[in-house]
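An overview of the molecular structure
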Amino acid sequence: MRATVMYGAGDVRIENVPDARLIEPTDALVKVTRACICGSDLWPYNAMEHDETGRGMGHEAIGVVEAVGADVRTMEVGDVVVMPFAYSDGRCAFCQEGLHTSCVHGGFFGTGMGDVGGAQAEAVRVPQADGTLFVLPVGEDDALMPSLLTLSDVMGTGHHAAVVAEVAPGKSAAVVGDGAVGLCGVIAARRLGAEQIIILGRHPDRIALAREFGATDLVSERGEEAVERVRELTDGFGVHSVLECVGHGQATLTAIAIARPGGAVGRVGVPQDETMPASLPAFYNNVTVGGGPAPVRAYIEELLPDVLEGRIEPGPVFDRVVGLDGVPDGYRAMDDRESIKVMVRP
């Protein structure tokens, strides 16, 4: 089968690889009908050291079940399913608590670990299928596919940031980052009732979309100027809830600085540093800082009805569609900020 393989920074290739297949009785084999490139894929695209074996890429997908292992009970061949970026058994203590990304039998797609491949491919093996895949009540070419695909990662991740940041009716919120996750964070903040939603970003196409999604204010400055501007918009106090959707140190520093005393920061941008900045201001202002890999499998059941019934429409974060042969240029386009998020149709 054909799949996306990254060999190092800037070196993305479409190659013939061994067919995905069932290995464990709890596996499912999924024909990928839609996948996408994630902002987190750009970190290795910019920094990965050369690897002779390469790494299968992609961790978000919708597809059709082609085969199931003998122990799979919740789906059958022909079902249309959404695949979260992490696999999980759905039964362990952490899954039962809604933290599927900490499953004791789990892991992540597209990391090059073990026999689990990437989703930017014609097919993917899904371990722990019963606890991972979610059967969708639609056909594989439903018009809602772009929005449904966001449930595999970015919409659930934006929602996780809002939940951890304690967004609630009447509160003010700020979203640091205008990528797909940040834009979905705007949707999540509005959905949870935030009265004021400030988007921190500077790309006109993304800001326009953020306003469509519910942002009430824009801050295009960075660093101390951004902090000052947010305070101007919040009577000098800062916001109750901050959704940090970037991951580098300056974004975290800004997020903590714009939180009002007693506020909360939800971090979902993949950290690029071992240490977290601004621990002293967070401590003395009683700012709660939390977050991590979003347990999107836990959120699908909550968010899916809103997508199906049109109450939220995150699909417009996809502004480019490519086949597999177009994936390398899709990485370039996202890295050059020509595209917000690229959908892949193998």
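Scroll up for the structure.
Worth saying up front: this structure is predicted, and the values here are computed from it rather than measured. (Residues numbered from 1 in each chain as written. Predicted model: local features only at pLDDT ≥ 70, side-chain atom pairs only at ≥ 80, totals over all residues. Heavy atoms only, no water.)

**A short note on the environment of arginine 21**
Here is the rule we go by: The helix and strand labels rest on DSSP assignments: H or I over at least four residues marks a helix, E over at least two residues marks a strand, and numbering proceeds from the N terminus. Two residues qualify as a contact provided that any one of their heavy atoms is within 4.5 Å of a heavy atom in the partner residue.
Here arginine 21 is to be found in the loop between strand E2 (11–16) and strand E3 (28–36). Sequence-wise, arginine 21 and cysteine 103 are 82 residues apart; in three dimensions their C-alpha atoms are separated by 23 Å. Here arginine 21 is in contact with Leu29 and Arg125, once residues within four sequence places are set aside.

**Topic: the sheet that holds strand E4 (residues 55–56)**
Quick note on the threshold: Paired strands are those between which DSSP finds at least two bridges. Every axis corresponds to a line fitted to the C-alpha atoms, with the helix fit spanning only the stretch in contact, and the corresponding angles, defined between N-to-C directions, vary from 0 to 180 degrees.
Strand order in the open sheet formed by three strands is E2-E1-E4, with antiparallel pairing between adjacent strands. This sheet does not close on itself; its edge strands, each paired only once, are E2 and E4. In the packing of helix H12 (residues 327–335) onto the sheet, the strands contacted are strand E1 (2–8) and E2, and the crossing angle to E2 comes to about 160 degrees.

**Here we look at the packing of helix H6 (residues 180–191) against helix H7 (residues 204–213)**
The condition that has to hold: Orientation is classified from the angle alone, with under 35 degrees giving roughly parallel, over 145 giving roughly antiparallel, 65 to 115 giving roughly perpendicular, and any other angle giving oblique. In this scheme, a crossing is called left-handed if the near helix is turned counterclockwise away from the far one by less than a right angle; it is called right-handed if the turn is clockwise. Residue type decides the class: Asp, Glu, Lys and Arg count as charged, Ala, Val, Leu, Ile, Met, Phe, Trp, Tyr, Cys and Pro as nonpolar, and the leftover types, Gly among them, as polar.
Packing of H6 against H7 brings their axes to within 9 Å, and their N-to-C directions diverge by 15 degrees. For the element pair H6 / H7, the angle class is roughly parallel. The element H6 and its partner H7 pack so that their crossing is right-handed. Side by side, H6 and H7 meet where Leu183, Val186, Ile187 and Arg190 of the first sit next to Arg206, Leu209, Ala210, Glu212 and Phe213 of the second. Each residue belonging to the contact of H6 with H7 can be placed in one class, and the counts come to six nonpolar, no polar and three charged.

**Brief notes about empty space enclosed by the protein**
Basically, it comes down to this: Definitions used throughout: a 1 Å grid over protein atoms alone; a cavity as a set of points that fits a 1.4 Å probe which cannot get out; a pocket as an open set with protein on both sides within 12 Å along at least five of seven lines; a lining residue as one with an atom within 4 Å of a point. Grid points are joined across faces, edges and corners, and a volume is the space filled by probe spheres set on the points.
Under the counting rule described, the total for this entry stands at one cavity of 30 Å³ or more. The volume enclosed by the largest cavity comes to roughly 30 Å³. Along its surface, the largest cavity is lined by Pro84, Ala86, Ser88, His100, Thr101, Ala294, Pro295, Val296 and Arg297. Of the residues assigned to the lining of the largest cavity, the class counts are five nonpolar, three polar and one charged.

**As for the sheet that holds strand E14 (residues 239–244)**
Strand order in this open sheet of six strands is E13-E12-E11-E14-E15-E16, and the pairing throughout is parallel. Each edge of the sheet is formed by a strand with only one pairing partner; in this case those strands are strand E13 (217–219) and strand E16 (288–291). On average, adjacent strands in this sheet sit at an angle of 20 degrees to one another, irrespective of strand direction. Of the pairings in the sheet, the one linking strand E15 (residues 259–267) to E16 comprises four bridges and is parallel in character. When the sheet's bridge partners are listed, glycine 266 is paired in E16 with glycine 290.

**Remarks on the nonpolar core**
For clarity, the threshold we go by: Think of a nonpolar core as a cluster: buried Ala, Val, Leu, Ile, Met, Phe, Trp, Tyr and Cys residues, connected wherever their side-chain atoms sit within 4.5 Å. Exposure is judged per residue with a 1.4 Å probe applied to protein chains only, and the accessible area is read against the type maximum: over 50% gives exposed, under 20% gives buried, and values in between give partly exposed.
The biggest cluster of nonpolar side chains holds 49 residues, and the ones touching the most others in it are Ile62, Leu136, Leu148, Leu151, Met155, Val167 and Leu243. In terms of residue count, the dominant contributor to this core is H6 (eight residues). Among all residues touching leucine 148, those that are not within four sequence positions of it are Ile62, Val82, Leu136, Val138, Leu304, Val307 and Leu308.

**Thoughts on the pattern of salt bridges**
Our working rule: Whenever a carboxyl oxygen of Asp or Glu lies within 4 Å of a side-chain nitrogen of Lys or Arg, that contact is scored as a salt bridge.
With the rule as written, the count across this model stands at 18 salt bridges. Between aspartate 141 and arginine 345 there is a salt bridge, and its shortest N-O distance comes to 3.5 Å. Here the residue aspartate 141 occupies a position in the loop between strand E10 (134–135) and helix H4 (145–149), and arginine 345 occupies one in the segment after strand E18 (342–344), the gap between them amounting to 204 residues. Given a relative accessible area of 54%, aspartate 141 falls into the exposed group. The exposure class assigned to arginine 345 is partly exposed, which follows from its relative accessible area of 38%. The salt bridge involving arginine 206 is made with aspartate 178; its shortest N-O contact spans 3.8 Å. Of this pair, arginine 206 sits in helix H7 while aspartate 178 sits in the loop between strand E11 (172–176) and H6, and the two are 28 residues apart along the sequence. Here arginine 206 matches aspartate 178 in class, with each residue buried. Within the structure, one salt-bridge network assembled from shared partners comprises Arg191, Glu302, Asp306, Glu309 and Arg311.

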